[in-house]
Amino acid sequence: MKIVNSLLFLFLGLTLFSCGNDHEDETADYSLEILENKSEFQLGESIQASVTAAGNAGIDSVVYFLGNQRLQKTTGQASLTHTFQNEKLGKWDLVAKIYSEGKNRELRRVITLYNNTPPVAYTYEIVNSYPHATDAYTQGLEFYNGELYESTGHYGESSLRKVDLETGEVLKKIDIPATYFAEGITILNDKIYQLTWKEDIGFIYDVETFEKLEEFAYNQSEQGWGLANDGQKLYKSDGTENIWILDPETLREETFIQTLTHRTISTQLNELEWVEGKIYANTYQKDGVAIINPKNGAIEGIINFQGLREKLGNTADLDPVNDVLNGIAYNPETKKLYVTGKDWDTLFEVIIKEN
């Protein structure tokens, strides 16, 4: 009896295992093919893809998606032809959802969508120079109602400041607890939003008193780098190619854009600034500032700030690796743009010019 029971148990186990494999292999009779096996496209290009069925497998219809965006529903030949026009750039899953005999299955291929034009090259002209505190490891810089605010980093040295533009004097300051490395800031509706680097938390302050009102946790992003706003939404960089778009009430990361040129994916985007409908972003440890289309992530311009560091008075005291360009502030009331860096002794008013 024990032998019979053992054999019965073994038979049932094999049967269940076999059924499990059959379920897992439901897509084995289908394939998703892209014409010429292409995986990289630019805006304006078309993709041609098709689903084929083997053996007795049937196809009632196929719905194609790019990420969560529905592209096309097909029947019969189950083929897709789509021209990329208004999609967000970046790496996306091309998904084919196959409907057949009351069941649905999904096939996926990863593609990358780039911009169709190279970034415009810009340079700069210095208009004015102002003092900047050399103990300010600048992580965020922003004007609000004509006043300049700054967030500084380092564990044990992080702060939130209100600064006099003309003199560099710190008018108001609070120190951030030593367990936090402060990062970017932005100001919206009389509230200052400040990120921390690896601590998965942000702070909200009253703009007048610097009283901390509440805290918020990150959702999908693992780090906090730069922060900006368009008057409604908040934009957050995290060191990857993603710029997250946050609801200002819940601070949840609702969606994101990926930052790409016509041929490259850009990462290490640091301090952010909203400038006349575009996002300006420092690239960490580089002299370039990217000008980003917030709708699709296209890097439409790059400002070359090479040589600016050499105009400082404390260049010899700076760490060449870490004390880099980082800090963009645009005053929408005067239409003036300012840049500085980590522990730099100067804040520069600049004009941007096309090369």
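Residues numbered from 1 in each chain as written. Predicted model: local features only at pLDDT ≥ 70, side-chain atom pairs only at ≥ 80, totals over all residues. Heavy atoms only, no water.

A. Summary view of the overall build of the protein. For the protein, the helix and strand inventory stands at 1 helix and 28 strands. Dimensions of the protein along its principal axes, counting C-alpha atoms only, are 90 × 55 × 40 Å. A separation threshold of at least 6 residues defines the contact pool for the protein, and within that pool the share at least 24 residues apart is 54%. Total accessible area on the protein is roughly 17500 Å²; 47% of this is exposed by carbon and sulfur atoms. (Helix = DSSP H or I, 4+ residues; strand = E, 2+ residues; numbered from the N terminus. Contact = heavy atoms within 4.5 Å. Areas by Shrake-Rupley, 256 points an atom, 1.4 Å probe, with all protein chains shown as cover.)

B. Broad picture of empty space enclosed by the protein. Applying the stated criterion across every chain, the model contains 1 cavity of 30 Å³ or more. Forming the walls of the largest cavity are Pro131, His132, Ala133, Glu150, Arg161, Val163, Gly168 and Val170. Of the residues contributing to the lining of the largest cavity, the split by class is 4 nonpolar, 2 polar and 2 charged. (1 Å grid on protein atoms, 1.4 Å probe; cavity = no way out; pocket = protein on both sides within 12 Å on 5 of 7 lines; lining within 4 Å. Points joined across faces, edges and corners; volume = space filled by probe spheres on them. Nonpolar A, V, L, I, M, F, W, Y, C, P; charged D, E, K, R; others polar.)

C. Region of interest: the environment of Val127. Here Val127 shows up in strand E9 (residues 120-131). Between the alpha carbons of Val127 and Val350 there is a distance of 5.3 Å; along the sequence they are 223 residues apart. For Val127, the contacting residues outside a window of four places in its chain are Glu349, Val350 and Ile351.

D. Local environment of the packing of aromatic side chains. Evaluation of the coordinates by the stated rule reveals 15 aromatic pairs. Between Phe143 and Tyr338 the ring centres are 5.3 Å apart and the planes differ by 45 degrees, which places this aromatic pair in the tilted class. Placement of Phe143 in strand E10 (residues 138-144) and of Tyr338 in strand E27 (residues 336-341) is noted, with a sequence separation of 195 residues between them. Across this residue pair, the class does not change: Phe143 and Tyr338 are buried. Linked through ring pairs, Tyr137, Tyr155, Phe181 and Trp197 together constitute an aromatic cluster. (Phe/Tyr/Trp six-rings, centres within 6.5 Å; stacked < 30°, edge-to-face > 60°. Buried < 20%, exposed > 50% of the residue type's maximum accessible area, 1.4 Å probe, protein only.)

E. Looking closely at the side chain of Asp323. Inspection of the secondary structure puts Asp323 in the loop between strand E25 (299-304) and strand E26 (325-331). With no salt bridge to any partner, buried Asp323 finds its closest opposite charge in Arg309, at an N-O distance of 6.0 Å. Side-chain polar atoms of Asp323 contact the backbone nitrogen of Asp319, separated by 2.8 Å. Dropping the residues within four chain positions of it, Asp323 is found in contact with Tyr137, Arg309, Leu318, Lys342, Asp343 and Trp344. (Lys, Arg positive; Asp, Glu negative; His and termini not counted. Salt bridge = Lys/Arg side-chain N within 4 Å of Asp/Glu carboxyl O. Polar contact = N/O pair within 3.5 Å; in protein donor to acceptor, adjacent residues only side chain to side chain.)

F. Geometry of the sheet that holds strand E1 (residues 30-34). One open sheet accounts for 3 strands, arranged E1-E3-E6; its pairing is antiparallel. Because the sheet does not close on itself, it has two edges, and the strands there are E1 and strand E6 (79-83). When strand polarity is set aside, the average angle formed by the axes of neighbouring strands in this sheet is 15 degrees. Strand direction decides the pairing type here: E1 and strand E3 (residues 46-53), joined by 5 bridges, are antiparallel. Residue Ser31 lies in a different strand from E3, and its bridge partner there is Thr52. (Pairing = 2+ DSSP bridges. Axes fitted to C-alpha atoms, helices over the stretch in contact; angles between N-to-C directions.)

G. View of the sheet that holds strand E7 (residues 90-100). Taken in spatial order, the 5 strands make up an open sheet running E2-E8-E7-E4-E5, and their pairing is mixed. Either end of the sheet is taken by a strand with one partner, and the two such strands are strand E2 (40-42) and strand E5 (69-75). Neighbour-to-neighbour, the strand axes of the sheet open up by a mean angle of 30 degrees, direction not taken into account. Alignment of E7 against strand E8 (residues 103-114), held across 11 bridges, turns out to be antiparallel. Note that in E8 the partner of Leu94 across the bridge is Arg109.

H. Molecular detail of the nonpolar core. Residues Ile47, Val51, Tyr64 and Phe84 are the most contacted members of the largest nonpolar core, which totals 26 residues. Only E1, E3, strand E4 (61-66), E7 and E8 provide two or more residues apiece to this core. (Core = buried A, V, L, I, M, F, W, Y, C linked by side-chain atoms within 4.5 Å.)

I. Up close: the pattern of salt bridges. Applying the stated criterion across every chain yields a total of 12 salt bridges. Here Glu276 and Lys335 are joined by a salt bridge, their closest N and O atoms 3.1 Å apart. Taken as a pair, Glu276 in the loop between strand E22 (269-275) and strand E23 (278-283) and Lys335 in the loop between E26 and E27 lie far apart in primary sequence, 59 residues in all. We classify Lys335 as exposed; its relative accessible area is 53%. Shared partners join several salt bridges into a network, and the residues in it are Asp93, Lys97, Glu106 and Arg108.

J. Here's a closer look at the side chain of Ser151. Among the secondary structure elements, Ser151 is positioned in strand E11 (residues 147-152). According to the relative accessible area criterion, Ser151 is buried, its value standing at 0%. A distance of 2.6 Å separates a polar side-chain atom of Ser151 from the backbone oxygen of Glu183. Of note is the side chain of Ser151, whose polar atom sits 3.0 Å from the side chain of Gln194.

K. Representation of unusual backbone geometry within the structure. The phi dihedral of His154 is positive, around 90 degrees, even though this residue is not glycine. Within the chain, Gln285 stands out as a residue other than glycine whose phi angle is a positive 65 degrees. With respect to the helices, strands and loops of the structure, Gln285 is situated in the loop between E23 and strand E24 (288-292).

By themselves, these observations are geometric and do not establish any function.
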